[in-house]
Amino acid sequence: MKRMMITGALGQIGSELTVKLRETYGKENVLATDIKMDDREISTDGPFQILDVMDGKTMLEVAKKFRADTILHLAALLSATAENNPVFAWNLNMGGLLNALETAKELGAQFFTPSSIGAFGPSTPKDGTPQDTIQRPTTMYGVNKVAGELLADYYFHRYGVDTRGLRFPGLISYQTPPGGGTTDYAVEIYYEAVKYGTYTSYIDKGTYLDMMYMPDALDSIIRLMEADGGKLKHRNAFNVTAMSVAPEEMASAIQKELPDFKMHYQVDPLRQQIAESWPNRLDATAAKEEWGFNPKFNLEAMTKDMIMKLKQKRI
Ligand code: AKB
């Protein structure tokens with residue numbers, strides 16, 4: 001059985017991935033780590049360790065003690081936060097990644113870390129963005145993601161570490177809200193639609209971005225990690241997407257479920273500029289061909305499920 005260590009386990013992806021991995025591989029085989037502890041079940045329902053990813057020595061000790069053979073490195077700042085504090089973002093996003101890769105190298109562990117649509121920039125083809133294309137992002141987050149993809153490739157070629165990664169689009173979920181991302185509006189819109197019947201979007205009409213529902217994101221991580229490495233031509237990182245949507249299209253999908261829902265716009269210049277520098281629609285052919293990427297949720301199915309789950313949660 002695999003022995004997995006997750007960093008950033010209390011974040012948006014981590015908090016759901018930890019639960020899914022514990023269900024799949026056994027609670028005792030999944031060590032959740034984060035810089036702090038909170039009162040959610042993740043901290044008590046299986047092994048948990050407070051860990052600052054900037055402390056590489058402790059990271060290696062913790063992973064060694066747990067006998068980890070798989071490292072899933074999720075701890076990072078998202079795009080808008082990174083843009084407001086670029087030096088800290090560089091130190092945390094790159095320093096944490098380097099420590100996690102060194103840990104994987106020392107232990108001979110398999111390695112996963114997410115990249116993002118943020119790894120592309122204004123000179124990248126916007127529609128049907130190819131797997132291999134121009135990557136000249138104009139944000140600190142994007143610079144970190146491109147450097148991270150290259151660094152993970154380097155650890156594979158130089159040291160044989162089995163590194164794998166996905167370029168995630170905006171991820172939408174009803175469990176843990178994201179924080180500090182450009183695509184956070186796509187989560188907030190559902191919460192506020194259910195709670196208040198209205199939402200003011202900081203991203204403008206007509207701005208298309210790729211999105212994916214969290215269950216598809218979790219399934220993609222597990223599929224990629226389980227895939228036959230010999231068949232992977234692109235390791236770090238695969239384009240993945242389930243839909244390309246503009247805010248007004250999300251509003252229309254919500255209005256089918258909640259007819260009184262009203263959408264307003266008050267554009268935030270920073271996040272709008274970031275969104276405009278990213279692709280409209282990725283091409284995920286390489287992920288489909290090399291390891292069977294197969295998202296289940298389109299905008300309509302996701303909207304129905306999100307609204308149902310948020311109503312059940314009584315937010
Ligand atoms: C963000 O908006 O920063 C993230 C991402 C697309 O990487 N959700």
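Now for a quick tour of the structure. (Residues numbered from 1 in each chain as written. Predicted model: local features only at pLDDT ≥ 70, side-chain atom pairs only at ≥ 80, totals over all residues. Heavy atoms only, no water.)

**Re the site of the ligand**
Around the ligand, the structure places Leu78, Ser79, Ser116, Ile117, Tyr141, Pro169, Gly181, Thr182, Thr183 and Trp278. Separating an oxygen atom of the ligand from a side-chain N or O atom of Ser116 is a distance of 2.7 Å. Here an oxygen atom of the ligand sits 2.6 Å away from a polar atom, N or O, in the side chain of Tyr141. Under a 2 Å grid-point criterion requiring more than half of the atoms, the pocket assigned to the ligand is the largest pocket. Considering only residue class, the shell around the ligand consists of 5 nonpolar, 5 polar and no charged. Mapping the shell around the ligand onto the domain boundaries places at least three of its residues in each of domain 1 (4-169 + 214-239) and domain 2 (170-211 + 242-280 + 296-313). (Near = heavy atom within 4 Å. Polar contact = N/O pair within 3.5 Å; in protein donor to acceptor, adjacent residues only side chain to side chain. 1 Å grid on protein atoms, 1.4 Å probe; cavity = no way out; pocket = protein on both sides within 12 Å on 5 of 7 lines; lining within 4 Å. Sits in = over half its atoms within 2 Å of the grid points. Nonpolar A, V, L, I, M, F, W, Y, C, P; charged D, E, K, R; others polar. Domains from an automatic or database assignment.)

**Here's the deal with the sheet that holds strand E3 (residues 48-50)**
If you trace the 7 strands from one edge of the open sheet to the other, you get E3-E2-E1-E4-E5-E7-E11, paired in parallel fashion. With one partner strand each, in any of the chains shown, E3 and strand E11 (238-239) form the two edges of the open sheet. Where strand E2 (residues 30-34) lies against E3, 3 bridges are found, and the strand directions are parallel. Paired with Thr33 across the bridge in E3 is Gln49. Along the sheet, helix H2 (residues 56-66) contacts strand E1 (4-7), E2, E3 and strand E4 (70-73); its crossing angle with E1, the most-contacted strand, is approximately 150°. (Pairing = 2+ DSSP bridges. Helix = DSSP H or I, 4+ residues; strand = E, 2+ residues; numbered from the N terminus. Contact = heavy atoms within 4.5 Å. Axes fitted to C-alpha atoms, helices over the stretch in contact; angles between N-to-C directions.)

**A closer look at empty space enclosed by the protein**
By the definition in use, this model includes 1 cavity of 30 Å³ or more. Approximately 190 Å³ is the volume found for the largest cavity. Taken together, 17 residues make up the lining of the largest cavity; nearest its centre are Leu97, Thr113, Pro114, Lys145 and Gly148. Those elements that provide at least two residues to the lining of the largest cavity are helix H4 (86-107), strand E5 (110-116) and helix H5 (140-159). Element by element, the count of residues in the lining of the largest cavity is highest for H5, at 5 residues. Its residues assigned to classes, the lining of the largest cavity comprises 7 nonpolar, 8 polar and 2 charged. (Points joined across faces, edges and corners; volume = space filled by probe spheres on them.)

**Points about helix H11 (residues 299-313)**
Over its 15 residues, H11 extends 21 Å from the first C-alpha to the last, a length consistent with the 21 Å expected when each residue adds 1.5 Å. The complete set of buried residues in H11 reads Leu299, Met302, Thr303, Asp305, Met306, Ile307 and Leu310. Each element contacted by the buried residues of H11 is listed here: strand E8 (170-172), helix H6 (185-195), strand E10 (209-213), strand E12 (243-245) and helix H8 (247-257). N-cap assignment for H11: the residue whose side-chain oxygen lies 3.2 Å from the backbone N of Glu300 is Asn298. Among the residues trailing H11, Arg314 stands out with phi positive, at a value near 55°. (Expected span 1.5 Å × (residues − 1). Buried < 20%, exposed > 50% of the residue type's maximum accessible area, 1.4 Å probe, protein only.)

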